Amino acid sequence: MAEITRIVIKGSSGYCCYDEAFNDKVTITQDSIAYEYVPYQETDINPKRKWSYKTNSPIFKMKYDEVAGMLPGIIERGVEEFCTDIGGIEFNITYSDKTKFKETYWVPGDYFEELFIAIKSLVPECEYTPAVLLTSEDYEEEGDE
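Caption draft 1: Examining the layout of surface pockets more closely. In this structure, the largest pocket encloses a volume near 380 Å³. Lining the largest pocket are 18 residues, and of these Ser12, Gly109, Ala131, Leu134 and Tyr139 lie nearest its centre. Its residues assigned to classes, the lining of the largest pocket shows 9 nonpolar, 8 polar and 1 charged. Roughly 160 Å³ of volume is contained in the second largest pocket.

Caption draft 2: Region of interest: unusual backbone geometry. Located in the positive-phi region is Lys98, a residue other than glycine, with phi close to 75°. The exposure class of Lys98 is exposed, given its relative accessible area of 68%.

Caption draft 3: How the structure looks around the pairing of strand β1 (residues 4–12). The pairing of β1 with strand β5 (residues 89–95) spans 6 bridges and is classified as antiparallel. When the bridges of β5 are listed, Ile4 appears paired with Tyr95. The sheet contact formed by β1 and strand β2 (residues 22–29) spans 6 bridges and is antiparallel. By the bridge assignment, Ser12 is partnered in β2 with Asn23.

Caption draft 4: Quick look at the environment of Ile45. Among the secondary structure elements, Ile45 is positioned in the loop between β3 (32–39) and β4 (49–54). Expressed as a C-alpha distance, the spacing of Ile45 and Tyr95, which sit 50 residues apart in the sequence, is 38 Å.

Caption draft 5: Representation of the packing of helix α1 (residues 58–75) against helix α2 (residues 113–120) in the model. Look at α1 against α2: their axes get within 10 Å of each other, and the N-to-C directions meet at 160°. Viewed along their axes, α1 and α2 adopt a mutual orientation that is roughly antiparallel. Here α1 and α2 pass one another in a crossing that is left-handed. For the pair α1 and α2, contact is made by Glu66, Val67, Met70, Leu71 and Ile74 and by Glu114, Leu115, Ala118 and Ile119, respectively. Partitioned by chemical class, the residues of the contact of α1 with α2 number 7 nonpolar, no polar and 2 charged.

Caption draft 6: Looking closely at α1. In a regular helix each residue adds 1.5 Å, so 18 residues correspond to 26 Å; α1 covers 26 Å between its end C-alpha atoms and thus fits that length. Those residues of α1 that sit buried are Phe60, Tyr64, Val67, Ala68, Met70, Leu71 and Ile74. Structurally, α1 contributes buried residues whose contacts are with β1, β2, β3, β5, β6 (100–105) and α2. By the N-cap criterion, in which a side-chain oxygen at the helix start approaches the backbone nitrogen of a residue two or three places on, α1 is capped by Ser57, the distance to Ile59 being 3.1 Å.

Caption draft 7: Representation of the side chain of Thr135. Structurally, Thr135 can be placed in the segment after α2. On the basis of relative accessible area, Thr135 is assigned to the buried category, the value being 2%. Not counting residues up to four positions away in its chain, the partners in contact with Thr135 are Gly109, Asp110, Glu113, Phe116 and Lys120.

Rules and cut-offs
- Residues numbered from 1 in each chain as written.
- Predicted model: local features only at pLDDT ≥ 70, side-chain atom pairs only at ≥ 80, totals over all residues.
- Heavy atoms only, no water.
- 1 Å grid on protein atoms, 1.4 Å probe; cavity = no way out; pocket = protein on both sides within 12 Å on 5 of 7 lines; lining within 4 Å.
- Points joined across faces, edges and corners; volume = space filled by probe spheres on them.
- Nonpolar A, V, L, I, M, F, W, Y, C, P; charged D, E, K, R; others polar.
- Buried < 20%, exposed > 50% of the residue type's maximum accessible area, 1.4 Å probe, protein only.
- Pairing = 2+ DSSP bridges.
- Helix = DSSP H or I, 4+ residues; strand = E, 2+ residues; numbered from the N terminus.
- Axes fitted to C-alpha atoms, helices over the stretch in contact; angles between N-to-C directions.
- Parallel < 35°, antiparallel > 145°, perpendicular 65-115°, else oblique.
- Left-handed = near helix turned anticlockwise from the far one by under 90°.
- Contact = heavy atoms within 4.5 Å.
- Expected span 1.5 Å × (residues − 1).
- Polar contact = N/O pair within 3.5 Å; in protein donor to acceptor, adjacent residues only side chain to side chain.

Structural measurements only, silent on function.
Have a look at this one:
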């Protein structure tokens, strides 16, 4: 089986007011992670964000391999759910033989919680968690712990 060389996960805000609407994208390779957040209308409270990090860390590569190893299970899962008031989560996967997989899932991020937790471990501490990777765990109230 061909090795996964690039993972792109795209998200969007779904149904909300125009001032808060956005598209975002996380791109991961064995030696880099990048993020782009593009609001439909840039404001002080909803600014455009973009960052990228490149590394030769063996720890990063190990975590990338963990994420890549989880993806076949996601792809083969056969998602049946469909939510209409949320944005889709699109997976674009590129393999070493240049073949690609592309699918949009219309489900909450919690459906991919284990995968998203692994990807969040690749995000530098000084950056916000990418919106597409947010799950209900990220919205826990302080009194709920």
